[in-house]
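Each chain is listed here by its residues.
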Amino acid sequence: MNSQPAGKYLVVIPAYNEEASLPQAVARLQALPADYELLIINDGSTDLTSEVSHELAATSRLPLHVVDLPMNGGIGVAVQTGYLFAADSQRYDYVIQYDADGQHDAEAITALVEACDRRDLDICIGSRFLMRPPGAFRSTFQRRVGIRFLAWLIGLLGRVKVTDPTSGFRCAGPRAWTAFAQQYPDDYPEPESLYWCVRNGLRVGEIPVVMYERTGGTSSIGPLRATYYILKVTLAILVDRLRRKEDPLS
Amino acid sequence: MNAETMMMIGGISAFVLTVYWVRSRGLRERYAIAWLLVAVLLLLCGLFPHVIMRLADATRLSYPSVVLFLSLAAIYFYSFFVSVSLSRQYRRNVRLMQETAILKQRVQALRGEVDRLTGRAPDAELD
């Protein structure tokens, strides 16, 4: 693994109790070009996620790193660990977040990176709502309402059009991920971090992606927590507006 | 025993307790200052009860209500700052956890590289 050439792009895969879905998710990523590296952040899993990750690292075609967090910190902490890893390495152009549950389309990763490059974006979101082919996975009504509300809120406050602010399928350029390495929301981080980017002058865009059904594990957001999700994220976004603007380059 | 005596006893007890915990390094001086202030205020309220009585007159509250109000205010502020301190501590713990996990990964990768270069078996102990 270590004798392979260093990659320019890092795919961060946060994983909490994903022993069932990880092999398939990593297998899909093997088709990526050779300048991609993979990083599994095992978020203090209580199942065999760590063991499965290390086994996958031993056989992966692309360099696959595994970081084992000693305790469960939540999705925001896990993803930020990926950004910290990238900041520590100082050799990646783009950092891509890719869920371990198999819902994201690995083939769209190069499209996300290409969109960032071509459109000079600091962050590009894979949106489920820009394209809807027949048979594509559709989230629950409650979630769709919540997503629409957050998209409306971010659009209203940031004067930008986003359709899928909760998508965890995203590609971050250096200005975004170096800032995220320093400061990133602990839980339900996607809409809040997106709004932070918009408000602080980073260029944000979306491309259409297809989302699949989970291949294993369980969703981290149940129906009861969805309400808390909306309230917490709304409060975080509104409070963020009260903060001083930052210069992501400084 | 009247309220003033109870306050004085409470103030002296709080003062002794705080000093004891600082002496045994169980409480940081930073927090001890606030607790010593509480102890002194309690003692002063016991020594000069007319201060609370005047406050009760000014606010048209009864004496016990003023004592209760002041106690609740003190508890509120203290609890709030404990929450702030916990939030700060949480962020520090998270960063420590992240840095530790990344360092562990780096050590394992370096160890694997050393094993590869020296032809040592992956599980062999390093010198």
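Residue indices begin from 1 for each chain and proceed along its sequence in written order. A letter from A marks each chain and a number from 1 marks each ligand, given out in the order of writing. Per-residue local features are limited, in this predicted model, to residues with pLDDT of at least 70; the limit for side-chain atom pairs, both in listing and counting, is 80 or more; totals at the level of whole chains, interfaces and linings are taken over all residues. Each side-chain value is derived from all of the structure's non-hydrogen atoms; neither hydrogens nor water enter the calculation.

Asker: Account for helix α7 (residues 189-199) of chain A, naming residues and giving values.
Answerer: In terms of burial, α7 of chain A is largely enclosed, as eleven of its eleven residues are buried. Numbering of helices and strands runs from the N terminus, with a helix taken as a DSSP run of H or I at least four residues long and a strand as a DSSP run of E at least two residues long. Downstream of α7 of chain A by one or two residues, G201 of chain A has phi in the positive range, about 80°. Burial here depends on accessible area, computed with a 1.4 Å probe over protein chains only, as a share of the maximum for the residue type. Under 20% is buried, over 50% is exposed, and the range in between is partly exposed.

Asker: Describe the interface of chain A and chain B, naming the residues involved and giving the relevant values.
Answerer: Tallying the contact residues gives 21 residues for chain A and 15 residues for chain B. Once two parts are joined, some of their accessible surface, as seen by a 1.4 Å probe, is lost; buried area is that loss totalled over both. Between chain A and chain B lies a buried interface of about 1600 Å² when both sides are counted; carbon and sulfur atoms form 54% of it. When a carboxyl oxygen of Asp or Glu is within 4 Å of a side-chain nitrogen of Lys or Arg, the pair counts as a salt bridge. Connecting chain A to chain B are two salt bridges. Between N or O atoms, a polar contact is any pair within 3.5 Å; within protein, one atom must be a potential hydrogen donor and the other a potential acceptor, and residues adjacent in sequence are included only when both atoms are from side chains. For the interface between chain A and chain B, the tally reads nine residue pairs in polar contact (both at pLDDT 80 or more). If one sorts the elements of the side of chain A that touches chain B by residue count, helix α3 (residues 75-89) of chain A sits on top with seven residues. For this scheme, ten residues count as nonpolar: Ala, Val, Leu, Ile, Met, Phe, Trp, Tyr, Cys and Pro. Four count as charged, namely Asp, Glu, Lys and Arg, and the remainder, Gly too, count as polar. Grouping the constituent residues of the side of chain A that touches chain B by class yields nine nonpolar, nine polar and three charged. Pairs of residues are marked as contacts when any of their non-hydrogen atoms sit within 4.5 Å.

Asker: Could you give an account of a nonpolar patch on the surface, with specific residues and numbers?
Answerer: Residue and element names in this part refer to chain B. Exposure above 30% relative accessible area and the absence of a salt bridge qualify a residue for a patch, where like charges join within 9 Å and nonpolar side chains (Val, Leu, Ile, Met, Phe, Trp, Tyr) within 5 Å. Per-residue and other accessible areas follow the Shrake-Rupley method at a 1.4 Å probe size, with only the shown protein chains counted as cover for residues. A cluster of nonpolar side chains, F15, V19, L37, V40, L41, L44, L47, F48 and V51, forms an exposed patch at the surface whose accessible area comes to about 790 Å². At the level of secondary structure, the elements contributing two or more residues to the nonpolar patch comprise α1 (3-23) and α2 (29-47). Here the element with the most residues in the nonpolar patch is α2; it accounts for five residues. Here V40 is to be found in helix α2.

Asker: Let's hear about the environment of V66 of chain A: which residues, and what values?
Answerer: In this fold, V66 of chain A is placed in strand β3 (residues 64-69). Note on V66 of chain A: relative accessible area 5%, which makes it buried. The sequence separation of V66 of chain A and I41 of chain A amounts to 25 residues, and the corresponding C-alpha distance is 6.1 Å. Not counting chain neighbours up to four residues away, the residues in contact with V66 of chain A comprise L39, I40, S53, H54 and A57 of chain A together with Q105 of chain B.

Asker: Could you give an account of the packing of aromatic side chains, naming the residues involved and the relevant values?
Answerer: The geometry of an aromatic ring pair is captured by the separation of the ring centres together with the interplanar angle, meaning the angle of the planes. Classification of ring pairs uses Phe, Tyr and Trp, with its six-membered ring standing for Trp, and accepts pairs whose centres are within 6.5 Å; under 30 degrees between planes counts as stacked, over 60 as edge-to-face, and the remaining range as tilted. A complete count under the given rule lists 15 aromatic pairs over all chains for this structure. When the ring of W35 of chain B is compared with that of Y78 of chain B, the centres are 4.6 Å apart and the planes differ by 55°; the resulting orientation is tilted. Placement of W35 of chain B in helix α2 and of Y78 of chain B in helix α4 (residues 63-118) is noted, with a sequence separation of 43 residues between them. By relative accessible area, Y78 of chain B is classed as partly exposed at 38%. An aromatic cluster is present here, built from Y83, F180, Y184 and W196 of chain A joined pairwise through their rings. We call a charge positioned above a ring when the Lys NZ or Arg CZ atom is no farther than 6 Å from the ring centre and deviates by at most 35 degrees from the ring normal. The ring of F85 of chain A carries R106 of chain B above its face, with NZ or CZ at 4.3 Å from the centroid.

Asker: Describe the pattern of salt bridges, with residues and values.
Answerer: Applying the stated rule across the entire model yields eleven salt bridges over all chains. The residue D88 of chain A makes a salt bridge to R106 of chain B at a minimum N-O spacing of 2.9 Å. Highlighted residues: D88 of chain A in helix α3 and R106 of chain B in helix α4, drawn from two different chains. For D88 of chain A, a relative accessible area of 45% gives the class partly exposed. R128 of chain A serves as the salt-bridge partner of D164 of chain A, at 2.6 Å between the closest nitrogen and oxygen. Of this pair, D164 of chain A sits in the loop between α5 (141-158) and β6 (170-172) while R128 of chain A sits in the loop between β5 (123-127) and α5; the two residues are 36 residues apart in sequence, bridging distant segments of the chain. One network of salt bridges, with partners in common, ties together D187, E192 and K232 of chain A.

Asker: Describe helix α4 (residues 108-119) of chain A, naming the residues involved and giving the relevant values.
Answerer: Because each turn of an α-helix spans 3.6 residues, side chains separated by three or four positions in sequence point in the same direction. Residues and elements named next belong to chain A. The length a helix should cover is 1.5 Å for every residue beyond the first. With twelve residues, α4 should cover 16 Å at 1.5 Å per step; its first-to-last C-alpha distance of 16 Å lies within 8% of that length. All buried positions along α4 are accounted for by A108, I109, L112, V113, A115 and C116. One side of α4 holds all its buried residues, which, seen down the axis, span an arc of 155°. By construction, the arc corresponds to the directions joining the helix axis to the C-beta atoms.

Asker: Give me the side chain of R199 of chain A: which residues, what numbers.
Answerer: Residues and elements named next belong to chain A. Mapped onto the fold, R199 is located in helix α7. For the buried residue R199, which engages in no salt bridge, the nearest side chain bearing the opposite charge is D240, 5.0 Å off. A distance of 2.9 Å separates the side chain of R199 from the backbone oxygen of R243, its partner in a polar contact. The residues contacting R199, other than those within four sequence positions of it, are D240, R241, R243, R244 and K245. Only four residue types enter the tally: Lys and Arg on the positive side, Asp and Glu on the negative side; His and the chain ends are excluded.

Asker: Please set out the nonpolar core residue by residue, giving values where relevant.
Answerer: Residues and elements named next belong to chain A. Counting residues in each nonpolar core, the largest one holds 45 residues, and the members touching the most others are Y83 and F180. Leaving out residues up to four positions away in the same chain, Y83 has contacts with V95, Q97, A172, W177, F180, A181 and Y184. Only buried Ala, Val, Leu, Ile, Met, Phe, Trp, Tyr and Cys residues count toward a nonpolar core, and they belong to the same one when joined by side-chain atoms within 4.5 Å. Counting 35 residues, the second-largest nonpolar core is a separate cluster that includes Y36, L56, Y98 and A108.

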